[in-house]
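Fold and contact review
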Amino acid sequence: MSWNSEYDVCCGLENLPVFVENKINKEDLPQFQYSPEQVPGPGTDTDPSEVTFPGCGCLATSCLSGSCTCLERHGQMYDGNLRLRDQEENEDYSRPVFECNVMCRCSENCANRVVQRGLGFRLEVCQTHTKGWGLRTLEPIQKGRFVCEYAGEVIGFAEACRRQASQKPEDMNYIIAVKEHTGVGGTIETFVDPARVGNVGRFLNHSCQPNLFMVPVRVDSLVPRLALFAGRDIASGEELVFDYSGRYKNSLGNGQAPNTISAESWMRKPCYCGSQDCCGFLPLDISVINNGEVSN
């Protein structure tokens with residue numbers, strides 16, 4: 001396996017470069033503005049870069065449950081090896097994750113600072129046989145480790161509907177819609193589109209049998225970072241994939257897919273993941289098109 005070490009997809013904006021497969025001409029890569037974090041887009045009420053959470057007063061190198069106000073929100077979600085802990089099987093929904101932030105007095109080496117550290121593995125943009133662009137790892141990744149974010153423009157519901165409606169059948173759809181239940185009967189919806197402004201996560205393909213799963217993680221802002229973690233041990237050279245519907249068995253969550261909404265066959269795009277459990281089509285929630293309820 002060889003890669004073009006002269007070209008960094010991230011333009012030096014990540015703490016590790018992401019190279020491209022050696023056979024790929026960099027001029028053939030999709031044109032977009034690289035951003036390692038979420039940026040505000042049309043229709044959003046909250047700036048993703050705005051610091052809205054108070055910091056903890058911990059003076060220890062690493063915060064501990066029972067004494068840290070940040071950890072009080074969710075408990076100790078990361079272990080000593082910076083891996084996301086498995087959720088209890090009797091929990092219907094994944095617990096929220098709140099990391100220590102810029103207002104906290106703990107060390108930058110605190111175990112409750114994971115997603116904010118950025119890329120920790122060498123990744124490579126590659127060309128797949130049937131799915132177009134893809135992303136693979138150049139080194140082994142342990143189960144539970146953070147891999148990358150799915151970052152882009154944070155847009156409002158109306159803008160998501162407008163962009164979805166303007167797409168042609170052959171266009172790629174990058175919009176991710178995430179719904180979080182607040183526990184008091186309410187929901188929080190976040191729409192992220194990395195088509196024009198985004199990070200390396202935009203190269204991730206769908207799979208009905210993924211090796212990554214997505215968890216909303218909050219650091220400084222109310223706007224969550226859409227963090228992707230390894231759902232199992234991943235070998236070097238393996239393509240990185242996640243289920244666009246938000247489903248992942250044997251990891252955070254109960255492994256159940258969100259409510260699906262039937263769509264006309266012409267609206268469905270075939271899935272080429274090749275997994276044994278392949279559903280035949282990419283996940284599609286047409287609620288954005290119909291101005292209905294949006295699910296992750």
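These figures come from a predicted structure and were not determined experimentally.

Examining the overall build of the protein chain
- Assigned secondary structure in the protein chain consists of two helices and 15 strands.
- Counting all 296 residues of the protein chain, 47% fall into the buried class.
- Within the protein chain, counting contacts between residues at least 6 apart in sequence, those at least 24 apart form 66% of the total.
- About 14,800 Å² of surface is accessible on the protein chain, with carbon and sulfur atoms providing 46% of the total.

Here we look at the packing of aromatic side chains
- Applying the stated criterion across every chain, the model contains nine aromatic pairs.
- What links up through ring pairs into an aromatic cluster is the set Tyr78, Phe146, Phe213 and Phe229.
- Looking at Arg202, its charged tip hangs above the ring of Phe32, at a distance of 4.1 Å from the centre.

Some points on the pairing of strand β10 (residues 176-181)
- The element β10 is largely enclosed, with a buried count of five among its six residues.
- Pairing analysis gives six bridges linking β10 to strand β11 (residues 187-198), with the strands arranged antiparallel. Bridge assignment links Glu180 to a residue of β11, and that residue is Ile188.
- In this antiparallel pair of consecutive strands, β10 and β11, the connection spans five residues, and Gly183 shows a positive phi of 90°.

Examining the environment of Cys279
- Inspection of the secondary structure assignment puts Cys279 in the loop between β15 (241-242) and α2 (287-290).
- Along the sequence, Cys279 and Cys208 sit 71 residues apart, while their C-alpha atoms lie 6.8 Å from each other.

Considering the pattern of salt bridges
- On inspection of all chains with the given rule, the structure shows 14 salt bridges.
- Arg225 is paired through a salt bridge with Glu37; the nearest N and O atoms lie 3.4 Å apart. Here Glu37 lies in the loop between β3 (33-34) and β4 (39-40) and Arg225 lies in strand β14 (residues 225-230), a separation of 188 residues in the sequence.
- The class of Arg225 is buried, set by a relative accessible area of 14%.
- Here Glu37 falls in the partly exposed class, since its relative accessible area comes to 40%.

So, the nonpolar core
- Core analysis: the largest hydrophobic core is formed by 34 residues, its most contacted members being Val18, Leu135, Tyr150 and Leu240.
- Secondary-structure elements contributing two or more residues to this core are β6 (123-127), β8 (146-149), β10, β13 (212-218) and β14.
- Looking at this core element by element, the count peaks at three residues for β14.
- The residues touching Leu135, leaving out its near neighbours within four places in the chain, are Val18, Leu123, Glu124, Val125, Cys126, Val200, Phe203, Leu204, Glu239 and Leu240.
- Phe213, Val215, Ala227 and Phe229 belong to the second largest nonpolar core, which has 12 residues in total.

Examining the side chain of Asp220
- Among the structural elements, Asp220 can be located in the loop between β13 and β14.
- Buried Asp220, no salt bridge; nearest opposite-charge side chain is Arg225, N-O distance 4.7 Å.
- Apart from residues lying up to four places away in sequence, Asp220 is in contact with Glu50, Val51, Thr52, Phe53, Asn101 and Val102.

Observations concerning the pairing of β14
- For β14, a buried count of six out of six residues is recorded, marking the element as mostly surrounded by other parts of the structure.
- Burial along β14 is two-sided: Arg225, Ala227 and Phe229 and Leu226, Leu228 and Ala230, pointing in opposite directions, are all buried.
- Across three bridges, β8 lies against β14 in antiparallel orientation. Pairing of Phe146 across the sheet is with Phe229, part of β14.
- One ladder, built from six bridges, connects β13 with β14; its direction is antiparallel.

Focus: the confidence of the model for the protein chain
- On average, the protein chain scores 84 in pLDDT, and the residues at 70 or more come to 84%.
- Across the protein chain, β8 holds the top mean pLDDT of 98, while α2 sits lowest at 56.
- Predicted confidence is poor over residues 250-266, with pLDDT under 50, and the contacts of this stretch with residues over four places away or in other chains come to 30 contacts.
- Of the regions scoring below 50 in pLDDT, residues 292-296 engages in 26 contacts with residues more than four places distant in sequence or in other chains.

Thoughts on the state of the cysteines
- Taken as a whole, this structure holds zero disulfides when the rule is applied.
- Note on Cys278: no disulfide assigned, nearest cysteine sulfur contributed by Cys271 at a separation of 3.7 Å.

Looking at a nonpolar patch on the surface
- The grouping of Val51, Val102 and Met103 at the surface amounts to a nonpolar patch, some 280 Å² of accessible area in total.
- Within the secondary structure layout, Val51 lies in the loop between β4 and β5 (97-98).
- Here Val51 falls in the partly exposed class, since its relative accessible area comes to 40%.

Conventions we followed
Residues numbered from 1 in each chain as written. Predicted model: local features only at pLDDT ≥ 70, side-chain atom pairs only at ≥ 80, totals over all residues. Heavy atoms only, no water. Helix = DSSP H or I, 4+ residues; strand = E, 2+ residues; numbered from the N terminus. Buried < 20%, exposed > 50% of the residue type's maximum accessible area, 1.4 Å probe, protein only. Contact = heavy atoms within 4.5 Å. Areas by Shrake-Rupley, 256 points an atom, 1.4 Å probe, with all protein chains shown as cover. Phe/Tyr/Trp six-rings, centres within 6.5 Å; stacked < 30°, edge-to-face > 60°. Lys NZ or Arg CZ within 6 Å of the ring centre and 35° of its normal. Pairing = 2+ DSSP bridges. Salt bridge = Lys/Arg side-chain N within 4 Å of Asp/Glu carboxyl O. Core = buried A, V, L, I, M, F, W, Y, C linked by side-chain atoms within 4.5 Å. Lys, Arg positive; Asp, Glu negative; His and termini not counted. pLDDT = per-residue confidence, 0-100. Disulfide = S-S within 2.5 Å. Patch = residues over 30% accessible without salt bridge, like charges linked within 9 Å, V, L, I, M, F, W, Y side chains within 5 Å.

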